[in-house]
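# Per-entry structural report
Residues per chain, in single letters:
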Amino acid sequence: MAQHNCIFCAIVAGAAPASVIHDDAATLAFLDINPVTPGHLLVIPKRHASTLANPDPADGARLFVVAMQAAAALRSSGLRCEGVNFFLADGEAAGQEVFHVHLHVFPRFAGDGFRIVEGGIAHPSRADLDAIASRLRAALP
Ligand code: AMP
Ligand code: ZN
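The rules behind each value
Residues numbered from 1 in each chain as written. Chains lettered and ligands numbered in written order. Predicted model: local features only at pLDDT ≥ 70, side-chain atom pairs only at ≥ 80, totals over all residues. Heavy atoms only, no water. Pairing = 2+ DSSP bridges. Helix = DSSP H or I, 4+ residues; strand = E, 2+ residues; numbered from the N terminus. Axes fitted to C-alpha atoms, helices over the stretch in contact; angles between N-to-C directions. Polar contact = N/O pair within 3.5 Å; in protein donor to acceptor, adjacent residues only side chain to side chain. Contact = heavy atoms within 4.5 Å. Near = heavy atom within 4 Å. Areas by Shrake-Rupley, 256 points an atom, 1.4 Å probe, with all protein chains shown as cover. Nonpolar A, V, L, I, M, F, W, Y, C, P; charged D, E, K, R; others polar.

## Description of the sheet that holds strand S1 (residues 20-23)
If you trace the five strands from one edge of the open sheet to the other, you get S1-S2-S3-S5-S4, paired in antiparallel fashion. The two strands at the open ends of the sheet, each matched to only one other strand, are S1 and strand S4 (83-87). Strand after strand, the sheet turns through a mean of 15° between neighbouring axes, direction not considered.

Rendered as structure tokens:
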């Protein structure tokens, strides 16, 4: 179901412009209007889902397969592309601004100016890592 006031649903419906690079029954990939580097694109499930909280495994798998194909296309396209970053912001605290799931795929090259700011707790003990791993194993489906 298309979500009212969702810009990506409008793109899927053909009601908003997009520079599309891939279109299949479940997935759309198009260029980001505010690219980190030339070729920066977004891969989205056509079916509206605001976050990954209740993912359809098939949609998630298809999203990643299309993103891998898009990354290969970036590498062979002639665009400057010495590496590729995938980025997915799931939730406002993670930096999500458009609440229709999307996976960013963008070319990287030496001197492109993009930086991931380092942060977080530096060098936790193995006991701390093992305790978190244990919680996550228990929480996995
Ligand atoms: P975020 O939700 O932070 O992962 O990022 C949303 C991304 O969507 C940003 O990189 C925007 O530049 C991009 N964006 C927003 N509106 C459009 C649009 N109409 N067409 C293409 N990209 C868009
Ligand atoms: Zn939507």
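## Focus on the side chain of His-40
Its location among the elements puts His-40 in the loop between strand S2 (27-31) and strand S3 (41-45). There is a polar contact of 2.9 Å between the side chain of His-40 and the side chain of His-104. For His-40, the contacting residues outside a window of four places in its chain are Leu-31, Asp-32, Asn-34, Pro-35, His-104, Val-105, Phe-106 and Pro-107.

## Some words on the site of ligand 1
Around ligand 1, the surrounding shell holds 16 residues, and the nearest of these are Asp-32, Gly-95, Glu-97, His-102 and His-104. The backbone of Ile-33 places a nitrogen or oxygen atom 3.4 Å from a nitrogen atom of ligand 1. In this structure, an oxygen atom belonging to ligand 1 sits 3.0 Å away from a main-chain N or O atom of Val-98. Look at ligand 1: alone it shows 510 Å² of surface, and the protein chains cover 84% of it. Mapped onto the shell around ligand 1, the elements with two or more residues apiece are helix H1 (7-12) and S2. Per-element accounting of the shell around ligand 1 gives the leading share, three residues, to H1. Looking at the shell around ligand 1 residue by residue, the class counts come to nine nonpolar, five polar and two charged.

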